[in-house]
Amino acid sequence: RLVATIGRPDFLTVGDCKLASLSNCAHIHSRGGFYLAPRPMTGQTPAELQAWVLDPPAPLEPIRLPDQAESEPPVGQGFEVGVTCTWQNPDPPATVTWTERRLIVQSTAHAERQRAGLQARLVKAHTALTALNARPASDRADLERRAQAILKRYQVSNYLSLSFREQVTCVTRYVGRGRPGPQRSTQTVETRTWTVRVYRRPAAIKLFNRLAGWRVYVTNVPATRLSLAAAVNCYRQEWQPEHGFHRLKGGLLAIMPLYLRDDNRIRGLLVLLGIALRVLTLTEFVVRRDLAANGETLKGLYAGNPNRATNRPTAERLLNAFDNITLYRHVTESEVWYEVTPLSSLQRRILQALGLPESVYAPPTAPLIDTG
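No experiment lies behind these values; they were computed from the predicted model shown.

Enquirer: Explain the environment of E80 to me, using residue names and the numbers behind them.
Expert: Following the sequence through the fold, E80 ends up in strand β4 (residues 76-89). With 84 residues separating them in the primary sequence, E80 and F164 have C-alpha atoms 46 Å apart. At 2.9 Å, the side chain of E80 and the side chain of R101 are in polar contact.

If you want it as structure tokens, here you go:
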């Protein structure tokens, strides 16, 4: 459908990890298209990523975005590896072979977040495990179950090891009632309790920090047409189509809850929502393009913060800026006339960015009432 719409197959399809399946990549490549997607961290991908990161087969190169200066720190680093892929299509039987570029990329910000997140989880897990010793357990199995639940809750099972220590306390008591004396019978009672000790696994933590922020992306676009840095920048724009799906999942265009049962009505609703999504996307694009061309920002779109400015307003905030417009209808014995709330400077600027005349909010004209 995209080929029929665009008129040619050689466009770049950017998607999430579901796009990176071998069958999808073979389908796109065999029809002259290009793809870019991250590989899912399943199967052999984690082992391959670890091997590549620990022993890079190519020199690392810094990654900067198009609007970054050379003096600014790069947003990441990476290298690429060429891999020959083969896909056997079962129906109809066919073999597709092509060279795929594996882009091994590390995001500096993502790596810092992952490392900080692991450190925070380790501290929380250690605190929770130590709190178990406040009331020593009488049953080791129960203590192990609770300790393993804490490791699972904070996702640190690979980075913390546990040891359980038994403590035996002996208490001598007199048997029966009466005063203590040398002839009084005694008995010794043993009390067994269990405590847990926590140890960090330095090697596992060091390996996690070494691999933090790294991800494998796949593409069949030649390096002459799409460099490593350009591929990263392209994928960073992938949120834009995902933003459209998000609008259909919630907000103004939410599909759910769906109270329709007839298939034709459901299709009709989806068509209307699709048209509305195109209107929102186009509105957002046109306003942002106009602001970027003029180097301007808009103020007054954020409730409670009128001085906050942005050059990338959302369509929802642009529409909310027109919520206070009211049409008044005045009726007298001799005439009917209309009045519209005057447009603010923000509303006039939005209309200008959209290429719409202010007359769209002009009050309608009405004929005089015939009193004869």
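Enquirer: Explain the pattern of salt bridges to me, and be specific about the residues and the numbers.
Expert: Tallied over the entire structure, the rule returns 16 salt bridges. Between E48 and R102 there is a salt bridge; the shortest N-O distance is 3.9 Å. Here the residue E48 occupies a position in helix α3 (residues 45-54), and R102 occupies one in strand β5 (residues 94-107), the gap between them amounting to 54 residues. Residue classification places E48 among the partly exposed positions, given a relative accessible area of 28%. A salt bridge links R101 to E80; its shortest N-O distance comes to 2.9 Å. You can see R101 sitting in strand β5 and its partner E80 sitting in strand β4, a full 21 residues away along the chain. Look at the salt bridges and you will find they share partners, linking R39, E48, E100 and R102 into a network.

Enquirer: How would you explain the layout of surface pockets if you had to name every residue and give the values?
Expert: Computed from the structure, the largest pocket encloses a volume of approximately 1300 Å³. Along its surface, the largest pocket is lined by 29 residues, and Q237, Q240, P241, E242 and T281 are the ones closest to its centre. Elements with a contribution of two residues or more to the lining of the largest pocket: α1 (2-6), β1 (12-14), α8 (239-249) and α9 (263-294). Class assignment of the residues belonging to the lining of the largest pocket gives a composition of 13 nonpolar, seven polar and nine charged.

Enquirer: I'd like a rundown of the packing of aromatic side chains, residues and numbers included.
Expert: Using the criterion set out here, one finds four aromatic pairs in the structure. A ring pair is formed by F79 and W214, whose centres lie 6.1 Å apart and whose planes are at 55°; its orientation type is tilted. Residue F79 is located in strand β4, and its partner W214 is located in strand β8 (residues 214-219); the two are separated by 135 residues in the primary sequence. The buried category is assigned to W214, whose relative accessible area is 8%. Taking 5.6 Å as the distance between ring centres and 10° as the angle between the ring planes, the aromatic pair formed by F322 and Y361 counts as stacked. Of this pair, F322 sits in the loop between α10 (315-320) and β11 (327-331) while Y361 sits in the segment after α11 (345-354); the two residues are 39 residues apart in sequence, bridging distant segments of the chain.

Enquirer: So what about the pairing of β5? Which residues, and what values?
Expert: Two elements, β4 and β5, share 14 bridges in a ladder whose sense is antiparallel. Looking across to β5, one finds that N89 is bridged to A94. Between β4 and β5, which follow one another and run antiparallel, lie four residues. By the bridge criterion, six bridges tie β5 to β8 in an arrangement that is antiparallel. When the bridges of β8 are listed, V105 appears paired with R215.

Enquirer: Let's hear about the sheet that holds β1: which residues, and what values?
Expert: Strands sit in the order β1-β2-β8-β5-β4-β3 across an open sheet of six strands; the sheet is mixed. Of all strands in the sheet, those with a lone pairing partner are β1 and β3 (61-63), marking the two edges. Pairs of neighbouring strands in the sheet enclose a mean axial angle of 35°, with direction left out of account. Here three bridges tie β3 to β4, and the two strands are oriented antiparallel to one another. Counted as the bridge partner of I63 is G76 from β4. The strands that helix α2 (residues 22-30) touches are β2 (34-38), β4 and β5; relative to β5, the one it contacts most, it runs at about 110°. Of the strands in this sheet, β4 and β5 touch helix α4 (residues 108-131), which is tilted by about 70° from β5.

Enquirer: Account for the pairing of strand β12 (residues 336-340), with residues named and values stated.
Expert: In the sheet, β11 pairs with β12 via five bridges, with the strands oriented antiparallel. By the bridge assignment, L327 is partnered in β12 with V340. Following β11, the chain reverses through four residues before pairing antiparallel with β12.

Enquirer: Quick one: what's the story with α2, residue by residue and with numbers?
Expert: Residues of α2 that are buried: C25, A26 and I28. On an axial view of α2, the arc spanned by its buried residues comes to 165°, and they lie on one face. Buried residues along α2 sit against β2, β4 and β5. Count one or two residues on from α2 and you reach G32, which has phi positive near 80°.

Enquirer: Give a description of a nonpolar patch on the surface that names residues and reports values.
Expert: Together, V271, L272, I275 and V279 make up an exposed nonpolar region whose accessible area comes to about 370 Å². The exposed category is assigned to L272, whose relative accessible area is 57%.

Enquirer: Mind laying out unusual backbone geometry, listing which residues take part and the relevant values?
Expert: In this structure, Q155 takes a positive phi of about 55° despite not being glycine. On the accessibility criterion, Q155 (56% relative accessible area) is exposed.

Enquirer: Pulling in residues and values, what's your account of the nonpolar core?
Expert: Counting residues in each nonpolar core, the largest one holds 21 residues, and the members touching the most others are L129, V156 and L160. Every element with two or more residues in this core is listed here: α4, α5 (140-153), β6 (160-174), β7 (186-200) and α6 (202-211). Here this core takes five residues from α4, the largest share from any one element. Beyond its immediate chain neighbours, meaning those up to four positions away, L129 contacts A147, I150, L151, L160, L162, V196 and V198. By size, the runner-up hydrophobic cluster in this structure holds 15 residues, among which are L298, L318, V340 and I350.

Calculation rules
Residues numbered from 1 in each chain as written. Predicted model: local features only at pLDDT ≥ 70, side-chain atom pairs only at ≥ 80, totals over all residues. Heavy atoms only, no water. Helix = DSSP H or I, 4+ residues; strand = E, 2+ residues; numbered from the N terminus. Polar contact = N/O pair within 3.5 Å; in protein donor to acceptor, adjacent residues only side chain to side chain. Salt bridge = Lys/Arg side-chain N within 4 Å of Asp/Glu carboxyl O. Buried < 20%, exposed > 50% of the residue type's maximum accessible area, 1.4 Å probe, protein only. 1 Å grid on protein atoms, 1.4 Å probe; cavity = no way out; pocket = protein on both sides within 12 Å on 5 of 7 lines; lining within 4 Å. Points joined across faces, edges and corners; volume = space filled by probe spheres on them. Nonpolar A, V, L, I, M, F, W, Y, C, P; charged D, E, K, R; others polar. Phe/Tyr/Trp six-rings, centres within 6.5 Å; stacked < 30°, edge-to-face > 60°. Pairing = 2+ DSSP bridges. Axes fitted to C-alpha atoms, helices over the stretch in contact; angles between N-to-C directions. Contact = heavy atoms within 4.5 Å. Arc of directions from axis to C-beta. Patch = residues over 30% accessible without salt bridge, like charges linked within 9 Å, V, L, I, M, F, W, Y side chains within 5 Å. Areas by Shrake-Rupley, 256 points an atom, 1.4 Å probe, with all protein chains shown as cover. Core = buried A, V, L, I, M, F, W, Y, C linked by side-chain atoms within 4.5 Å.

Everything listed is a geometric property; what it means functionally is a separate question.
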